[in-house]
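Single-letter residue listing:
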Amino acid sequence: MSAPLIEMRGITKIFGAVKANEAVDLSVAPGEILGLLGENGAGKTTLMNVLFGAYAPDAGEILVEGRPVAIHNSADALAAGIGMVHQHFHLAPRLTVLENLLIGIPGKSGRIDRAGGLARLQEIGHQHGLSLDPNLPVSALSVGEQQRLEIIKALFRGAKLLILDEPTAVLAPSEVDGLFAALRSMAAQGLGIIFISHKLNEVRALTHRCVVLRHGKVAGRVDHPASTTSAEMAKLMCGHEIVPPTREASTPGAAVLTLDGISTSGHAGTPLRDVSLFVRAGEILGIAGVSGNGQRALADVISGMLPPKAGTMTIAGKTVTQFSPRELQALGLGRIPEDRMTTGLVTNLPLADSMVLPRIGTESFSRKGLLNPTAIRAFAEEQIKAYDIRCPGPMVRAGALSGGNLQKALLARELAFDPKVLIVSQPTRGLDIGAARFIHEKFLAMRAKGCGIIVIGEDLEELLMLSDRIAVMYEGRIAGTLPSADATVARLGLMMTGAVQTGEAA
Amino acid sequence: MSAVFEQIFQVGFLAAIIRIATPLAFATLGEMFSERAGVLNLGIEGIMLLSAMAGFTAASLSGNLWLGVLVAVLVGALMGALHALFTVALGLSQHVCGIGVTLFSSGLAYFLYRLIFGQQSVPPSIDGFKPVPIPLLSDIPILGPAVFNQFTLVYLAIVAVPLAAFVLYRTPWGLSVRMVGENPRAADSAGVSVIATRFQAVILGGALMGLAGAFLTMAQFNAFTFGVVSGRGWVAIALVVFGRWDPWRSAGAALLFAFVDALQLRMQASGLGHIPYEAFLMLPFIFTIVAMAFMSRNAVAPSALLKPFRREER
Ligand SMILES: Nc1ncnc2c1ncn2[C@@H]1O[C@H](COP(=O)(O)OP(=O)(O)O)[C@@H](O)[C@H]1O
Ligand SMILES: [Mg+2]
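Treat the numbers as computed from the prediction; the structure is a model and nothing was measured.

Visitor: Is there a simple way to think about the overall build of chain A in this case?
Guide: Of regular secondary structure, chain A possesses 17 helices and 23 strands. For chain A, the C-alpha radius of gyration of 25 Å lies close to 23 Å, the compact-globule estimate for 506 residues. Principal axes of the C-alpha set define a box for chain A whose edges measure 70 × 50 × 50 Å. Going through the 506 residues of chain A one by one, you find that 53% of them count as buried. Partitioning the intrachain contacts of chain A with sequence separation of at least 6 by distance along the chain shows that 68% fall at a separation of at least 24. Accessible surface computed for chain A: about 20900 Å², of which carbon and sulfur atoms make up 54%. Across chain A, the 49 positively charged side chains and the 48 negatively charged ones have centroids separated by 4 Å.

Structure, rendered in structure tokens:
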């Protein structure tokens, strides 16, 4: 066999106390699609950032077509034919598609070479079926289109190896097919591709070979992903079997939260229209629906951030319609928001501060109006241990944590105070199976303890597994509620499109 | 009343606007380049003062005005480099460092001026730049004498505006500047050095601020006084916002401010003597505040303004 396109040997990268990568070997041949798997925080992104020159490795070497190369920055990586599509896109939203493509490309007689850029853009469009309007500002593109632009950007610079960091995490299922078609076409033309994902069915469908990382080290290699089961891969990723949790039968108690005829207005997104629902103690109510059908408003009303225009809300029989988030919290409402980064925590503050944020003025964390840093730290340290949150310590910037670990931190923060009602949105989006399983188990444990939980989500399998009852939202209304024993993916799917209305509450 | 208006709107009025706008235009373009790259330069007031002093001193000692301009530009660039060292290379607070640069430069200017010229009852002056009429163009009625019978530095400012727009929007370097000001990570992953680009933009900005200073002491006042800049740097910062970080709009903002300032000067000199002159002095600043209040609402600053770039941070 000829020399691989790219070879990484013995790569080690250390951040403070965290060994993000330890002696990792990996290679990609031309025309090969390599899957890079691992739990959140396993070190996949770090490894690829080393390859792309964004991070300097502490040990190890990189070979391109058999020759060792020194990659100190992205310019070196690009020159060596390595392109990367980052998980969070590296685009300037206010500049145009063409400008984002031409950044860092030498001009022609002192000017930006627009004509050359347009020609090259068209060529790439023909070659791989990837096209975009060059004059649109990036802010006008959908997420899928922005990703396409990132891929074009890499090809534009003559990438021979394309790295994609969790590209499917941001895509709708229909867009995933288009992406896979483009990737297969590129591989067929001799490009090497590194595809990062923790969605095992995708990895099995797309890749030729896989490398699995665990705690920064290579935990295993899979030579025939298509003929390997998801369970086997999951075991490599987590180091142990993943058993789906079981929802034990239980008899729910009295209603802990009820909404009666709630309507809203003046909210970004779909408003609520005459929404009535309830959740009982020891019960999980799933809210299914295509996102954008009022789920945001529902979560905001329940957590007290959006006062409803009409209707009443009660917690344990007490009317709380116009209560502030803080008052609701004091009554035992816990909330895990949809967007961990913007409404969940403060990315620039220490993790410990974010973990006590909703209760910062309470006696647990302050004394005579002053913060009690010892208590805050102790609380954070305790939760970090209890939830196995992987981070350098409680004083690290919250923004430095990976998504899965942030989600665990948010969960820890709410569950530590034994909420009576818990409202969560998209609890496992972007998380690997291990982390998702962990979160599911916590929910079921809370249910057993008598907490009423509302889970808003798009993943129907997840909702079916967790929920006792499932309500479907459509255009700001509850289109119907089913006991999950009667619900199937197909039936819920129909209700989500507004085609049928079934169930106890119309 | 009509006599007052006549007195205000003479031919000289237009010329005065152009003259007042020139240092503002240089300073505004300088600040704009810096901010487009993501670096707020509050050192502008001090950089203008120090450059004005240095240029004046060089011209006065050598008798060569253009040498003075060169020195002013170099000093401006040097102070820009100092600001970039703190804010870009070391990633320190742009606000604090900018104010530090202003305090340091102003102090240095006062100190050196005293050291070189001592305490004199009448500040020493130089024979500054003279207007250079452009053949043919200066014969155009009204516009000719006002715009085309000006100092060479004025012509330079007029050329600088389209040039700045060309550099910013049409050259690869300009695109890099805009990109590091919007999303430095995007620039970095496209192989553009964020640090180098920001350094270059802040240094270019400093050089333009130096030109502004040079104009004050070598064309407008022909002497250096401690109040020679008197807030023009701060005004330029407002004008950049007013001009929405665009060279053309920024130059337009400078012209508008100059118009109000020239108007105010004329009103002081005219028959409206019963109003205290301080009231007129306030006018341009009130204008700036009001204009800012309206314009800054839909002005969007470069996304990465004030944000230092460190590669291994997320
Ligand atoms: N820039 C950084 N600074 C400090 N720690 C980091 C940084 N990037 C990653 N880490 C840590 O390194 C580990 C691996 O992270 P990452 O490579 O992002 O994992 P993955 O992409 O597999 O989810 C995590 O523990 C994470 O907290
Ligand atoms: Mg990652």
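Visitor: Please explain the overall build of chain B as it appears in this structure.
Guide: In terms of helices and strands, chain B carries 13 helices and two strands. Taking 2.2 N^0.38 as the reference for a compact globule, 314 residues should give roughly 20 Å; the C-alpha atoms of chain B span a radius of gyration of 20 Å, in line with that estimate. Here the C-alpha coordinates of chain B stretch approximately 65 × 45 × 40 Å along the principal axes. For chain B, the proportion of its 314 residues judged to be buried stands at 55%. Considering only intrachain contacts with a sequence separation of at least 6, the fraction spanning at least 24 residues in chain B is 77%. Element-wise, carbon and sulfur atoms account for 71% of the exposed surface of chain B, whose accessible area totals about 13200 Å².

Visitor: How should the site of ligand 1 be read in this particular structure?
Guide: Residue and element names in this part refer to chain A. Neighbouring ligand 1 are 15 residues, the closest being Gly41, Gly43, Lys44, Thr45 and Thr46. One of the backbone N or O atoms of Gly41 is found 2.6 Å from an oxygen atom in ligand 1. The contact in question runs from an oxygen atom of ligand 1 to an N or O atom on the backbone of Lys44, over 2.8 Å. When ligand 1 is considered free in solution it has 560 Å² of accessible area, and contact with the protein chains removes 91% of it. Where the shell around ligand 1 is concerned, the elements lending two or more residues are β2 (18-28) and α1 (44-51). Per element, the largest residue contribution to the shell around ligand 1 is three residues, and it comes from α1. Class assignment of the residues belonging to the shell around ligand 1 gives a composition of six nonpolar, five polar and four charged.

Visitor: Can you help me understand the domain arrangement of chain A in this one?
Guide: Reports often express the size of an interface as the amount of accessible area lost when the parts come together. Residues and elements named next belong to chain A. Per the domain assignment, the segments making up chain A are domain 1 (6-238), domain 2 (243-332 + 417-506) and domain 3 (349-413). Interface area, domain 2 with domain 3, both sides summed: about 1000 Å², of which 68% is carbon and sulfur. Three residues, Gln329, Phe417 and Phe438, lead the burial of domain 2 against domain 3; their summed loss comes to 51% of the area buried on that side. Between the two partners, domain 2 and domain 3, sit zero salt bridges. Contributions of two or more residues to the side of domain 2 that touches domain 3 are made by α10 (325-330) and α15 (433-448).

Visitor: Whenever I open this one, the interface of chain A and chain B confuses me. Can you help?
Guide: Chain A puts 37 residues into the contact, and the matching count from chain B is 27 residues. In this assembly, chain A packs against chain B so that about 2400 Å² is buried in total across both faces, 56% of it on carbon and sulfur atoms. Of all residues in chain A, the largest losses of buried area upon contact with chain B belong to Arg94(A), Ile103(A) and Ile112(A), amounting jointly to 26% of the total for that side. Viewed at the interface, chain B and chain A are joined by two salt bridges. Between Arg178(B) and Glu99(A) there is a salt bridge, and its shortest N-O distance comes to 2.8 Å. Applying the counting rule to chain A against chain B returns ten residue pairs in polar contact (both at pLDDT 80 or more). At the level of elements, β1 (6-15), α2 (74-79) and α3 (97-102) of chain A are the ones that each hand at least two residues to the side of chain A that touches chain B. Split into classes, the residues belonging to the side of chain A that touches chain B amount to 18 nonpolar, twelve polar and seven charged.

Visitor: Where do I start with the pattern of salt bridges in this structure?
Guide: Side-chain pairs of opposite charge can arise where the charged atoms are in close proximity. Residues and elements named next belong to chain A. Across all of its chains, the model carries 22 salt bridges over all chains by this definition. We note a salt bridge from Glu65 to Lys160, for which the minimum N-O separation is 3.5 Å. Residue Glu65 is located in the loop between β4 (59-64) and β5 (67-69), and its partner Lys160 is located in the loop between α5 (143-156) and β7 (161-164); the two are separated by 95 residues in the primary sequence. Residue class for Glu65 comes out partly exposed when judged on its relative accessible area of 36%. Classification of Lys160 as partly exposed rests on a relative accessible area of 33%. Three or more residues joined by partner-sharing salt bridges are found here, namely Glu7, Arg9 and Glu61.

Visitor: Before we go on, may I ask you to explain the packing of aromatic side chains in this structure?
Guide: Describing an aromatic ring pair means giving the distance of the ring centres and the angle of the ring planes. Taken as a whole and judged by the stated rule, the model has 18 aromatic pairs over all chains. Centroid distance Phe365(A) to Phe379(A): 5.1 Å. Interplanar angle 65°. Geometry classified as edge-to-face. Here Phe365(A) is found in the loop between α12 (351-356) and β17 (366-367), whereas its partner Phe379(A) is found in helix α13 (residues 373-386), with 14 residues between them in sequence. Pairing Tyr113(B) with Phe224(B) gives two aromatic rings, centres 4.9 Å apart and planes at 50°, and the pair type is tilted. With Tyr113(B) in helix α5 (residues 94-117) and Phe224(B) in the loop between α10 (194-220) and α11 (232-242), this pair connects stretches of sequence that are 111 residues apart. Through pairs of rings, three or more aromatic residues link up here, namely Phe56(B), Tyr110(B), Tyr113(B), Phe117(B), Phe224(B) and Phe226(B). Between the NZ or CZ atom of Arg120(A) and the centre of the ring of Phe156(A), over which it lies, the distance is 5.9 Å.

Visitor: Just checking my understanding: could you explain the UniProt feature "transmembrane region" (unreviewed entry) in chain B for this structure?
Guide: Mapped onto the present numbering, the UniProt feature "transmembrane region" (unreviewed entry) falls at residues 7-27, 39-59, 65-89, 96-116, 147-169, 190-215 and 279-300 of chain B. As a span, residues 39-59 of chain B carries 76% helix and 0% strand, and end to end its C-alpha atoms are 31 Å apart.

Visitor: I'm lost on the state of the cysteines in this one. Help?
Guide: Two cysteines, two sulfur atoms, one covalent bond between them: this is a disulfide. All names here are of chain A. Overall, the coordinates contain zero disulfides over all chains when judged by the stated rule. Between Cys391, a cysteine without a disulfide, and Cys238, which holds the nearest cysteine sulfur, the sulfur-to-sulfur distance is 20 Å. A relative accessible area of 18% means that Cys391 is categorised as buried.

Visitor: What is the right way to read the sheet that holds β7(A) from this model?
Guide: Two strands in a sheet stick together by hydrogen bonds in their backbones, pointing the same way (parallel) or opposite ways (antiparallel). Residues and elements named next belong to chain A. Spatial strand order, β6-β7-β8-β3-β9-β10: six strands in an open sheet with mixed pairing. Each having just a single partner strand, β6 (82-85) and β10 (217-222) make up the two edges of the open sheet. Here the strands of the sheet are splayed against their neighbours by 20° on average, with no regard to which way each runs. Direction of pairing for β6 relative to β7: parallel, over a ladder of four bridges. When the sheet's bridge partners are listed, Ile82 is paired in β7 with Leu161. Contacts from α5 reach β6 and β7 within the one sheet, and its direction differs from that of β6 by about 170°. On the sheet, helix α8 (residues 230-238) packs against β3 (33-38), β9 (209-214) and β10 and is oriented at approximately 35° with respect to β9.

Visitor: Even after reading the chapter, I still don't get the packing of helix α4 (residues 65-89) of chain B against α10(B), so can you show me in this structure?
Guide: How two helices pack is summed up by the angle between their axes together with the distance between the axes. Residue and element names in this part refer to chain B. At a minimum axis distance of 6 Å, the contact between α4 and α10 shows a crossing angle of 145°. Here α4 runs over α10; the crossing is right-handed. Taken together, the residues of the contact of α4 with α10 sort by class into 18 nonpolar, six polar and one charged.

Criteria and thresholds
Residues numbered from 1 in each chain as written. Chains lettered and ligands numbered in written order. Predicted model: local features only at pLDDT ≥ 70, side-chain atom pairs only at ≥ 80, totals over all residues. Heavy atoms only, no water. Helix = DSSP H or I, 4+ residues; strand = E, 2+ residues; numbered from the N terminus. Rg over C-alpha atoms; globule rule 2.2 N^0.38 Å. Buried < 20%, exposed > 50% of the residue type's maximum accessible area, 1.4 Å probe, protein only. Contact = heavy atoms within 4.5 Å. Areas by Shrake-Rupley, 256 points an atom, 1.4 Å probe, with all protein chains shown as cover. Lys, Arg positive; Asp, Glu negative; His and termini not counted. Charge placed at Lys NZ, Arg CZ, Asp CG, Glu CD. Near = heavy atom within 4 Å. Polar contact = N/O pair within 3.5 Å; in protein donor to acceptor, adjacent residues only side chain to side chain. Nonpolar A, V, L, I, M, F, W, Y, C, P; charged D, E, K, R; others polar. Domains from an automatic or database assignment. Buried area = accessible area lost by both parts, 1.4 Å probe. Salt bridge = Lys/Arg side-chain N within 4 Å of Asp/Glu carboxyl O. Phe/Tyr/Trp six-rings, centres within 6.5 Å; stacked < 30°, edge-to-face > 60°. Lys NZ or Arg CZ within 6 Å of the ring centre and 35° of its normal. UniProt positions renumbered as here; feature names shortened; annotations may be inferred. Disulfide = S-S within 2.5 Å. Pairing = 2+ DSSP bridges. Axes fitted to C-alpha atoms, helices over the stretch in contact; angles between N-to-C directions. Left-handed = near helix turned anticlockwise from the far one by under 90°.

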